[in-house]
Amino acid sequence: MIATSRTRLEIQAPAAAPLLLSYHRENRQHLAPWEPIRGEDYLTLGYWQQASAAAQTAFDDGSDYKFVALNAARTDIIGMANFTCVSRGAFQACFLGYSIAHKYQGQGLMQEILTAGLDYVFNELGLHRVMANYMPDNERSAALLARLGFEREGYAKSYLKIAGSWQDHVLTSKVNPAG
């Protein structure tokens, strides 16, 4: 759907379920400190078949845009960029969540992926604001969001239950530069 110099962003679709399962199995420990505790079925093909079918439905109805970032050969997931809870009307906003495979960290790929995703939601979908929140000790996310032009807007105590405990989060957003 969206090509960058080193990746291909596509909406999660049922055909991607085996790659999604592989991505989450390979990166389970890497992602665990930043994610909720998952149920037993999370690392099954059936779960990812259902999740990708739901992602396709959400894309079709305009409520969520869950992208997988694939390598050029489309054989491996580099990372994920999810633009969720799309609100229309006077707000015109969404939330951004993202992750990158451990083996692809430190190569500038997440910035490339998110730049393309942000261009899509601002220019193609016409959204006005994208909000992204991170845990205060996640320095990599803080630096990435700052490079992308996100501005700090607040601090939320006990915002999300991550890795089994309620975590504070720094609240940021980026407003569409086109207005």
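Refer to the structure printed above.
A brief structural summary. Computed from a predicted structure; not experimentally measured.

When the terminal C-alpha atoms of helix H4 (residues 109-124) are compared, their 22 Å separation across 16 residues agrees well with the 22 Å that a helix rising 1.5 Å per residue should span. Note on H4: the residue one or two positions beyond its end, glycine 126, has a positive phi of about 75°.

Let us now look at the packing of aromatic side chains. On inspection of all chains with the given rule, the structure shows seven aromatic pairs. Taking 5.6 Å as the distance between ring centres and 85° as the angle between the ring planes, the aromatic pair formed by phenylalanine 67 and tyrosine 120 counts as edge-to-face. Here phenylalanine 67 is found in strand S3 (residues 65-70), whereas its partner tyrosine 120 is found in helix H4, with 53 residues between them in sequence. For the residue pair phenylalanine 67 and tyrosine 120, the accessibility class agrees, reading buried in each case. Among the aromatic residues, ring-to-ring pairing joins Phe59, Tyr65, Phe67, Phe83 and Tyr120 into one connected group.

Sheet analysis places strand S6 (residues 129-134) next to strand S8 (residues 165-175), joined by six bridges and oriented antiparallel. Looking at the pairing, methionine 131 lines up with serine 173 of S8. Relative to S8, strand S7 (residues 151-162) is paired through eight bridges, and the arrangement is antiparallel. Within S8, the residue paired with leucine 160 across the bridge is glutamine 167. A loop of two residues connects S7 with S8, the two strands running antiparallel in sequence, and alanine 163 in this loop sits at a positive phi of about 50°.

This part is about the side chain of serine 52. Looking at where serine 52 falls in the secondary structure, it is placed in helix H3 (residues 45-61). Here the side chain of serine 52 touches glutamine 49 through a polar contact of 3.1 Å, landing on its backbone oxygen. Not counting residues within four places of it along the chain, the set of residues in contact with serine 52 comprises Gln12, Ala13, Pro14, Ala17 and Leu20.

Turning to the environment of isoleucine 162, a few remarks are in order. By secondary structure assignment, the location of isoleucine 162 is in strand S7. In this structure isoleucine 162 comes out as buried when scored by relative accessible area, which is 6%. In sequence terms isoleucine 162 and alanine 32 are 130 residues apart; their C-alpha atoms lie 8.4 Å from each other. Sequence-distant contacts of isoleucine 162, that is, excluding residues within four places in its chain, are made with Pro33, Trp34, Glu35, Pro36, Met135, Gln167 and His169.

Parameters and conventions
- Residues numbered from 1 in each chain as written.
- Predicted model: local features only at pLDDT ≥ 70, side-chain atom pairs only at ≥ 80, totals over all residues.
- Heavy atoms only, no water.
- Helix = DSSP H or I, 4+ residues; strand = E, 2+ residues; numbered from the N terminus.
- Expected span 1.5 Å × (residues − 1).
- Phe/Tyr/Trp six-rings, centres within 6.5 Å; stacked < 30°, edge-to-face > 60°.
- Buried < 20%, exposed > 50% of the residue type's maximum accessible area, 1.4 Å probe, protein only.
- Pairing = 2+ DSSP bridges.
- Polar contact = N/O pair within 3.5 Å; in protein donor to acceptor, adjacent residues only side chain to side chain.
- Contact = heavy atoms within 4.5 Å.

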